[in-house]
Amino acid sequence: MSTFKISLKIKIILPLFISSILILFVSLVNNPGNGIIVSQGDQYSIINSRYISENYVFQWLSFREFGVATISHVNLLFYNIFYVLLDNFNLQEKATLLWIFSFLSLSFTSSLFACKIIVKDISIENAILCALFYTFNQSTFNHLSTGWGFSPYIYFYIFFPLTFALFIKALFTDRIFYSVLAGVSSVLLLPSFMHPAFFYEFLFVTFLFILIFFTTKCAKITKLAVVNIFAFYSIAIMVSLFWIFPSVNSIAGNQGIQSAKESLIDWISWQVVPFIQSFRLIFIKDWNLYPYYFQYGYILKFLILILSFFPIVLLGLYLLQRKKNRLVLSTILFLLIYLFLMKKVYPPFGFLNMLSFKYIPFIYLLRSTDKWMMPLTFFLAFILGHVLNHLSKEKKFKQFSAIIFSIIIVYSLPFWSGQLIKGGYFETQRFDYTVKVPQYYYQMANYVNGLEEENYKVMSEPYVDTPWVSYNWRHEDTHKTYRFIGEDPTALLFDKPPINPKTRISGFAFNKKISFEEFKSCQWYYRLYSLLNVKYVLFHDDAPKIEAERFEKNMLAGTSKNMKLKKEFNSLRFYELNADFVRPLIYCSE
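These numbers come from a predicted model, not from an experiment.

A.B. asks: Could you give me a rundown of the overall build of the protein chain, with the residues and numbers involved?
C.D. replies: Broken down by element type, the protein chain carries 26 helices and twelve strands. With 590 residues in all, the protein chain has 55% of them scored as buried. For the protein chain, the exposed surface amounts to about 27,300 Å²; the carbon and sulfur share of it is 63%.

Dropping the structure here:
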């Protein structure tokens, strides 16, 4: 083998090897431990993947449950393949660790191919630098340090670069092959599309870019270009038709969307980030709070804070180049317009943003900053690719690329800290989003799942008067008690459909608003159980003291008459309702 071929292989393999080591190191150093899950906001890591796959993928379900897709659960298919594989190889306990590794490695691969596709003649080393920037940045740090990074929605971040790059390739080459390939590749985004906001964002971002692309005369509008655009959207929509059709009526009549429109100003005022913050890929209003929960000293914190302006410096580096590229200029214009829309009520011209939310169809679906932020990093990585490609002709390029690599490493220092998903809450603060479900929950789940198969539901009690459920979990192995607040992950342990303690019926908080002083007998409350097809009641004695005591006082006083205790594991008690209150679920045709 010639010296040139050996040198070329080293030139390609060595950067890829170093990148792989970085991704593996970040995954391992942030390993939260076996059985640790993340549950925050609307998201939680999956437990009991086999049950999720059987009941949420291969059935059309009509019930609504917090933290679970409410329209078409079939979209969870690709997301659950990951967890089913872990289950089959007895790696379920390491799910969080392996998910972090998968997220980082797939993001790297997708952005690497995207840069190679759309940045003309870019070298593998420069494409790798772009991919490293896309993989390790403030945006991805935010995703993985919150619940978003462990949800199906993150597939948008992972695979958007590949789909978009193929589409841009189609517009430049006028070859319908690439637009078809781009449309087909949108199947990789399906897990995120189960949230209609992400499907709308996909359409909105691509349409806005096309509009700017042709307005700036980046390319001519030809018949073939129109055919390519039509083919791309047609295939992408056809890929999603299996969930779009069943959900149209649901979206049109969704009370949540209607209420969001009615209280849009309040929501937008809460979900805003200043223009510069967005450019820095930071999700929070106050930059003094950044980096999130970072455990190092003030000097390193200050250094990270300064380097977070790297995207703005990157933009300046491109504008200083003598030779300009129309595609990059179109991208910069897109970024400015997109960031302007994203800032919402913040100055300047906040009133224009409000007008856009009023008159652009369905744009209220993108009211949350985390949804707007998803595509931004790729466009910045794309600009970085052009900067590197241009400067590679300079004599001192090796030194410059080494500086860029060093900036990316230091810029992403929070990843190396081992605090990625522990978020500073673990054992140090008053509550915890990163948690290990106590063993007695699994013991109770095994007992409940072993009961005779019946078409009845389990009601989880008591009602908890917080935005999410709240439990005080005592771990027998550490003898420590942690306060957990978030979406209830324990519901996924049971094979029988559970009813979340925050379930509401037409705006009526089922298990909170009943006045037990007015109803001396609790019979009416038990009758409501029967309306919901409830046969069993799971009581959490590890819920906050006030709620637990209220439930015990009002409901458990007459258990011998109305329900009987079947099993008890530590702080969990499992009751069966008296037969008089049990009603089968009856379906009626419309």
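Next comes the rest of the account.
A.B. asks: Before we move on, could you go through the packing of aromatic side chains and cite the residues and values that matter?
C.D. replies: Tallying each qualifying case throughout the model produces 41 aromatic pairs. Centroid distance Phe193 to Phe202: 5.4 Å. Interplanar angle 55°. Geometry classified as tilted. The burial state of Phe193 is the same as that of Phe202; both residues are buried. Taken together, a centroid distance of 6.1 Å and an interplanar angle of 85° make the contact between Phe204 and Trp372 edge-to-face. Of this pair, Phe204 sits in helix H10 (residues 196-215) while Trp372 is found in helix H19 (residues 369-373), placing the two residues 168 residues apart along the sequence.

A.B. asks: So, the packing of helix H7 (residues 155-173) against helix H20 (residues 376-391): which residues are in play, and what are the values?
C.D. replies: Following both chains from N to C, one finds H7 and H20 inclined at 50°, their axes separated by 9 Å at the closest point. One way to sum up the angle between H7 and H20 is to call them oblique. In terms of crossing hand, the pair formed by H7 and H20 is right-handed. On H20, the residues that touch Tyr157, Phe160, Pro161 and Phe164 of H7 are Thr377, Phe378 and Phe379. Of the residues belonging to the contact of H7 with H20, the class tally is six nonpolar, one polar and no charged.

A.B. asks: Before we move on, can you summarise helix H8 (residues 176-185) with the specific residues and values?
C.D. replies: Of the positions making up H8, those classed as buried are Tyr178, Ser179, Ala182, Gly183 and Ser185. For H8, the angular spread of buried residues about the axis comes to 165°, placing them on one side.

A.B. asks: Tell me about the pattern of salt bridges, residues and numbers included.
C.D. replies: The final tally for this structure, using the stated rule, is three salt bridges. One salt bridge in this structure joins Asp541 and Arg573, with 3.6 Å as the shortest N-O distance. Separated by 32 residues along the polypeptide, Asp541 in the loop between strand E10 (534-540) and helix H25 (545-555) and Arg573 in strand E12 (residues 572-577) bring together distant segments of the chain. Notably, a salt bridge pairs Lys566 with Glu576, separated by 3.3 Å at the nearest N-O pair. Of this pair, Lys566 sits in strand E11 (residues 563-569) while Glu576 is found in strand E12, placing the two residues ten residues apart along the sequence. When salt bridges that share partners are traced, they join Lys535, Lys566 and Glu576 into one network.

A.B. asks: Please give an account of the side chain of Ser185 that cites residues and values.
C.D. replies: Tracing the chain through its elements places Ser185 in helix H8. By relative accessible area, Ser185 is classed as buried at 10%. A polar contact is formed between the side chain of Ser185 and the side chain of Thr163, at a distance of 3.0 Å. Each residue touching Ser185, except ones within four places of it in the same chain, is listed here: Thr163 and Leu166.

A.B. asks: Explain the confidence of the model for the protein chain to me, using residue names and the numbers behind them.
C.D. replies: Mean pLDDT over the protein chain: 76, with 72% of residues reaching 70 or higher. Averaged over each element, pLDDT in the protein chain is lowest for strand E8 (residues 504-505) (44) and highest for helix H5 (residues 124-135) (93). Scored below 50 in pLDDT, residues 57-74 shows 43 contacts in the model against residues more than four places distant or in partner chains. For residues 423-431, every residue scores under 50 in pLDDT, and the model assigns this stretch 16 contacts once sequence neighbours within four places are set aside.

A.B. asks: Kindly report on the pairing of E11, identifying the contributing residues and their values.
C.D. replies: Two faces belong to every sheet, and in a regular strand the side chains alternate between them. Inspection of the sheet shows E11 paired to E12 by six bridges, in the antiparallel sense. When the bridges of E12 are listed, Lys567 appears paired with Phe574. A loop of two residues connects E11 with E12, the two strands running antiparallel in sequence, and Asn570 in this loop sits at a positive phi of about 55°.

A.B. asks: Go over the environment of Leu303 with me, naming the residues and quoting the values.
C.D. replies: Position of Leu303 among the secondary structure elements: in helix H15 (residues 298-307). In this structure Leu303 comes out as partly exposed when scored by relative accessible area, which is 36%. In this structure the C-alpha to C-alpha distance between Leu303 and Val410, which are 107 residues apart in sequence, comes to 8.3 Å.

A.B. asks: Could you give an account of the environment of Gly33, with specific residues and numbers?
C.D. replies: Positionally, Gly33 belongs in the loop between helix H1 (3-29) and strand E1 (36-40). Classification of Gly33 by relative accessible area gives partly exposed; the value is 25%. For the pair formed by Gly33 and Lys94, sequence separation is 61 residues and the distance between their alpha carbons is 7.4 Å.

Reading guide: rules and limits
- Residues numbered from 1 in each chain as written.
- Predicted model: local features only at pLDDT ≥ 70, side-chain atom pairs only at ≥ 80, totals over all residues.
- Heavy atoms only, no water.
- Helix = DSSP H or I, 4+ residues; strand = E, 2+ residues; numbered from the N terminus.
- Buried < 20%, exposed > 50% of the residue type's maximum accessible area, 1.4 Å probe, protein only.
- Areas by Shrake-Rupley, 256 points an atom, 1.4 Å probe, with all protein chains shown as cover.
- Phe/Tyr/Trp six-rings, centres within 6.5 Å; stacked < 30°, edge-to-face > 60°.
- Axes fitted to C-alpha atoms, helices over the stretch in contact; angles between N-to-C directions.
- Parallel < 35°, antiparallel > 145°, perpendicular 65-115°, else oblique.
- Left-handed = near helix turned anticlockwise from the far one by under 90°.
- Contact = heavy atoms within 4.5 Å.
- Nonpolar A, V, L, I, M, F, W, Y, C, P; charged D, E, K, R; others polar.
- Arc of directions from axis to C-beta.
- Salt bridge = Lys/Arg side-chain N within 4 Å of Asp/Glu carboxyl O.
- Polar contact = N/O pair within 3.5 Å; in protein donor to acceptor, adjacent residues only side chain to side chain.
- pLDDT = per-residue confidence, 0-100.
- Pairing = 2+ DSSP bridges.

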